[in-house]
Amino acid sequence: MADNKKLVSEITSMDVDFAKWYTDIVKKADLIAYGSVKGFMVIRPYGYAIWENIQKILDDSFKKTGHENIYMPLLIPESLLNKEKEHVEGFAPEVAWVTFGGNEKLSERLCVRPTSETLFCEHYADIIHSYRDLPKLYNQWCNVVRWEKTTRPFLRSREFLWQEGHTMHATAEDAQFETLRMLDLYADFAEKSLCIPVIKGQKTEKEKFAGAKATYTIEAMMHDGKALQSGTSHNFGDGFAKAFNILYTDKDNSQKNPHQTSWGVTTRLIGAIIMTHGDDNGLVLPPAVAPIQVVIIPVAMHKDGVLDKAHELYSRISDKFKVKLDESEESPGWKYAEYEMKGVPVRLEIGPRDIENNQCVLVRRDTREKTIVSLDNLEEEVANLLSNISDNLYKKALNRREEMTYTATTLEEITEIAATKPGFIKAMWCGDVACENKLKEVSEISSRCIPFEEQQISSTCVCCGKPAKHMLYWGKAY
RNA sequence: CGAGGCGUGGCACAGCUUGGUAGUGCACUGCGUUCGGGACGCAGGGGUCGCAAGUUCAAAUCUUGUCGCCUCGACCA
């Protein structure tokens, strides 16, 4: 039966050192290898397969909502990047520059894209002329580079993979609708496919994206109580359109600037999965994105009929689930630990005793609970188990978030909670950036978002005591 | 960029204080025995000790420089 004993000695316990636990898992589950340049990593096949599954699900959703994929250039001329003032100022400190082509110094230096708003705008200026050209719903899957000072695999790397949607709309209403529609799509994906509960909300002026009119976010809470911004959706209004001179002729024959959005999620989501569901035995993967959903471990392989039976079960269920049959020479115990480390949701053990009784052993990764099931309804049992695992992962994460969410009404109270209890703090806010800065100073917490579902915690700002305008979620962030 | 830690076979580390033939565990190769929670025996292969300069008869070890990685802070998806 399931107990909490740590079986894998190579993994540092998360209670001992959460950061070490994280990097141990990333390496031991074979998700990445470090590259030779700081902040750049080899995403190993098992890690990349998780990303591919994320891509597949999201890309299908984007197609269903009418988006088309496109690919933009890697390099941005400095003059192009400079066109929108707030945007450059936001990104300038962390861009990498190409200054040489071969041995020749370039006349204009080129920035390796940290994000592609400027490239999309340049292109949109070319192709949008009439209201008939709108909306434009484009998305690109690519890599971007941001020269971070300190780096952590998946959470903060200098190169990361993502998708960036960039859309253009005739009216402000259309753009706002799109911004929120994509945020909902992300939230739905996080909760249904990744089993990660998220808080939907709007970023404050201080925390919003460089150049955006409004930024919306899904915020998740990790095992250690820290917040992870897991996806963002921005409404740009017509600011970029004006800066890049994007104009269309409307029905009334007048020239107008279109309204723009962008939205993205990244390989950081893999970090979110690790830090939401993982435990001291390793990774725990949500079934929807697990590269292997069921691993078949033959026990006493050398005995007559065991391998044959294992192959038979493999072909029976491998078209319904992602299945791996491990017939390597390692001992069964070694394999149990290995696939637990890799977070495979369900382990199927088949040995001589099972064959005699027309049964097999199913072990679920999240609780490590063992059940013996008849082979007659194996498909059903596995399907039920996978769906139970998803539900359980989500519920556990939601319960943890609720247990680790506090409310505060005074500065003393919020400072005290921030210092002693990891997690989110709900508190009222007057709307002044000075109060955000102050809390950052005294407590090292930042505003996560103004949630769509606000509560009335009190009537005054937790920081300055003036009348409150909004409820904010506060927390320490990755 | 500030503070701390670390670079020695693929991985984790010892050796460095007090210079003198490069070691251990895991992994790897072969054979045999095992196989229901990380099995065992025997026999093997693999390292110019991050890089560079210096001191010395002699440097993994001492000196200087340099590059890189990790962790924690400020910034970011």
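This text goes with the structure placed above it.
One numbering rule holds for all chains: residues counted from 1, following each sequence as written. Starting at A for chains and at 1 for ligands, labels are handed out in the order in which the entities are written. For this predicted model, a pLDDT threshold of at least 70 governs which residues receive local features, and a threshold of 80 or more governs which side-chain atom pairs are given and counted, while totals over whole chains, interfaces and linings are taken from all residues. To get the side-chain values, all heavy atoms of the structure are used, and hydrogens and water are removed first.

### A word on unusual backbone geometry
At the junction of Leu-134 and Pro-135, the peptide bond is cis and its omega measures out at -5° in the coordinates. Labels follow the DSSP assignment, with helices taken as runs of H or I lasting at least four residues and strands as runs of E lasting at least two, numbered in each case from the N terminus. One can find Pro-135 in the loop between α5 (117-127) and β7 (136-145). At Asp-30, a position not held by glycine, the phi torsion is positive, near 65°. One non-glycine residue, Asn-358, lies in the positive phi region at around 55°. Examined against the element boundaries, Asn-358 turns out to sit in the loop between α11 (352-357) and β18 (359-364). Between buried and exposed lies partly exposed: a residue is buried under 20% and exposed over 50% of the maximum accessible area for its type, with that area taken using a 1.4 Å probe on protein chains only. Given the relative accessible area of 31%, Asn-358 is considered partly exposed.

### Section: the sheet that holds strand β3 (residues 68-69)
Taken together, eleven strands build an open sheet; the order of strands is β3-β7-β8-β14-β11-β10-β9-β22-β23-β21-β20 and the sheet is mixed. The open sheet has two edge strands with one neighbour each: β3 and β20 (405-407). Across ten bridges, the pairing between β7 and strand β8 (residues 159-169) is antiparallel. In the sheet register, Leu-137 faces β8, and the bridge partner there is Thr-167. When DSSP locates at least two bridges between a pair of strands, those strands are taken to pair.

### Some remarks on the layout of surface pockets
Buriedness of a pocket was judged along seven lines, with at least five required to meet protein on both sides within 12 Å; pockets are open sets of points on a 1 Å grid over the protein atoms alone, cavities are sets where a 1.4 Å probe fits but cannot get out, and lining residues have an atom within 4 Å of a point. Grid points are joined across faces, edges and corners, and a volume is the space filled by probe spheres set on the points. Each pocket or cavity is described by its volume, and for the largest pocket that value is around 1,200 Å³. Among the elements of the structure, α4 (85-91), β8, β11 (227-237), β14 (259-266) and β22 (446-451) are those that each provide at least two residues to the lining of the largest pocket. A breakdown of the residues in the lining of the largest pocket according to their chemical character gives twelve nonpolar, 17 polar and 16 charged. Residues were grouped as follows: Ala, Val, Leu, Ile, Met, Phe, Trp, Tyr, Cys and Pro as nonpolar; Asp, Glu, Lys and Arg as charged; and all remaining residues, including Gly, as polar.

### Remarks on the nonpolar core
For this analysis, a nonpolar core means a set of buried residues of the types Ala, Val, Leu, Ile, Met, Phe, Trp, Tyr and Cys, connected via side-chain atoms within 4.5 Å. If you look at the biggest cluster of nonpolar residues, it comprises 57 residues, and the most contacted ones within it are Trp-21, Leu-31, Ile-54, Leu-58, Phe-154 and Ile-274. Where this core is concerned, the elements lending two or more residues are α1 (18-28), α2 (45-64), α6 (172-192), β10 (214-221), β14, α8 (268-277), β15 (294-298) and α10 (332-341). Here the element with the most residues in this core is α6; it accounts for seven residues. Pairs of residues are marked as contacts when any of their non-hydrogen atoms sit within 4.5 Å. Those residues in contact with Ile-54 that sit more than four places away from it in its chain are Phe-189, Leu-194, Leu-269, Ile-270, Ile-273 and Val-289. Among the nonpolar cores identified, the runner-up in size contains 25 residues, and Leu-81, Leu-119, Leu-134 and Phe-240 belong to it.

### Comments concerning the packing of helix α13 (residues 411-420) against helix α14 (residues 433-443)
As a rule, the C-alpha atoms of each element are fitted with a line to give its axis, helices using only the stretch in contact, and angles between N-to-C directions run from 0 to 180 degrees. At their nearest, the axes of α13 and α14 sit 10 Å apart, and the two run at 45° to each other. By the angle between their directions, the pair α13 and α14 is classed as oblique. The element α13 and its partner α14 pack so that their crossing is right-handed. Counting all contacts with α13, which are made through Leu-411, Ile-414, Thr-415 and Ala-418, the residues of α14 involved are Lys-438, Leu-439, Val-442 and Ser-443. Of the residues contributing to the contact of α13 with α14, the split by class is five nonpolar, two polar and one charged. Any angle that is under 35 degrees is reported as roughly parallel, and any over 145 degrees as roughly antiparallel; angles of 65 to 115 degrees are reported as roughly perpendicular and all others as oblique. Handedness of a crossing is defined here by the sense of rotation of the near helix relative to the far one, left-handed for an anticlockwise turn of less than a right angle and right-handed for a clockwise turn.

### A word on empty space enclosed by the protein
Summed over all chains, the structure comprises one cavity of 30 Å³ or more. Empty space within the largest cavity amounts to approximately 60 Å³. Every residue along the wall of the largest cavity is listed here: Val-295, Tyr-336, Tyr-339, Glu-340, Val-344, Pro-345, Val-346, Arg-347, Val-363, Arg-364 and Arg-365. Every element with two or more residues in the lining of the largest cavity is listed here: α10, β17 (346-350) and β18. Ranked by residue count, the leading element in the lining of the largest cavity is α10, at three residues. Within the lining of the largest cavity, the residues separate by chemical class into seven nonpolar, no polar and four charged.

### What to know about the packing of aromatic side chains
Two aromatic rings from Phe, Tyr or Trp, using only the six-membered ring of Trp, form a pair when their centres are within 6.5 Å; if the ring planes differ by under 30 degrees the pair is stacked, by over 60 it is edge-to-face, and anything between is tilted. For the structure shown, the criterion picks out 15 aromatic pairs. Look at Phe-240 and Phe-244: their rings are 6.1 Å apart centre to centre, the planes differ by 5°, and that puts the pair in the stacked class. These aromatic residues form a ring-pair network of at least three members: Trp-51, Phe-62, Trp-141, Tyr-186 and Trp-263. Geometrically, a lysine NZ or arginine CZ counts as sitting over a ring once it is within 6 Å of the ring centre and also within 35 degrees of the ring normal. Just above the ring of Trp-97 sits the side chain of Arg-109; from NZ or CZ to the centre is 3.9 Å. Just above the ring of Tyr-336 sits the side chain of Arg-347; from NZ or CZ to the centre is 4.0 Å.

What is shown is where atoms sit, not what they do.
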